[in-house]
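Close look at the chain arrangement
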Amino acid sequence: MALAAMLLTSLPALAARESGETAITATTPEAFAEQAQGVRKEMEKGGRYEGISSSNRQKVDAQLDFIAKLLTRRGSVDALNDQEKVDLMNAQEEANSILVGYDDQRLVCEFRKIAGSNRKEKVCQTKREIAAARDASQEAYRRQTSGLQNKDRIGGP
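Our subject in this report is the structure included herewith.

Our focus in this paragraph is helix 3 (residues 54-74). Compared with the 30 Å implied by 1.5 Å per residue over 21 residues, the 30 Å span of helix 3 between its first and last C-alpha is a close match. Tucked into the core, helix 3 has its buried residues touching helix 2 (29-42) and helix 4 (82-101). After helix 3 finishes, the residue Gly75 shows a positive phi value of roughly 95 degrees.

Below, the structure written as structure tokens:
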């Protein structure tokens, strides 16, 4: 039983191993209620998970409701039977996996080759920064190509 409880508390971390953090780690009804409220707030405009699709938002909400009911009925993770612990773990896993994918503040690191060298450097940016750079690059490309197309139509220099 103790092993199942340790496993349960460690599994949300495995769900978000890529980012090193989790959005949901349920323990008691009171603590979870605060956590669920925070997650729902972060799914709103301007929040950490604002980019989440409406269908995924519904899935996360459903999992949050399920976890809340389960914890309220039993009082804590320790009072859950083995099947309920598995159900709780699965609900946390699903919600965390969805949320981690939409976490704009999640740090993403990669090694990039330094120009003119065989060395590589580690570059870390948030998903939001990466998306902003990609959007700016695409917009610059669109402006440049539309300018070239207009020159061709007008006769160019």
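With that settled, consider the pairing of strand 2 (residues 120-126). In this structure, strand 1 (residues 107-113) lies alongside strand 2, joined through seven bridges in antiparallel fashion. Bridged to Cys109 within strand 2 is Cys124. Here strand 1 folds back onto strand 2, and the loop between the two strands holds six residues, one of which, Gly116, carries a positive phi near 80 degrees.

On to the nonpolar core, then. Counting 17 residues, the largest nonpolar core has Val60 and Leu99 as its most contacted members. Those elements that provide at least two residues to this core are helix 2, helix 3 and helix 4. Take this core: its biggest share by element is five residues, from helix 3.

Topologically, Asn56 is positioned in helix 3. Those residues in contact with Asn56 that lie beyond four places of it in its chain are Ile98 and Tyr102.

Turning our eyes to something else, we now look at the state of the cysteines. All told, the structure shown has one disulfide when counted by the stated rule. Disulfide partner of Cys109: Cys124, at an S-S distance of 2.0 Å. Across the S-S bond linking Cys109 and Cys124, the dihedral sits near 110 degrees, which makes this disulfide right-handed. Remark: Cys124 occurs in strand 2 and Cys109 occurs in strand 1; sequence separation between them is 15 residues. Look at Cys109 and you get partly exposed, because its relative accessible area is 36%. A relative accessible area of 33% means that Cys124 is categorised as partly exposed.

What counts and how
- Residues numbered from 1 in each chain as written.
- Predicted model: local features only at pLDDT ≥ 70, side-chain atom pairs only at ≥ 80, totals over all residues.
- Heavy atoms only, no water.
- Helix = DSSP H or I, 4+ residues; strand = E, 2+ residues; numbered from the N terminus.
- Expected span 1.5 Å × (residues − 1).
- Contact = heavy atoms within 4.5 Å.
- Pairing = 2+ DSSP bridges.
- Core = buried A, V, L, I, M, F, W, Y, C linked by side-chain atoms within 4.5 Å.
- Buried < 20%, exposed > 50% of the residue type's maximum accessible area, 1.4 Å probe, protein only.
- Disulfide = S-S within 2.5 Å.

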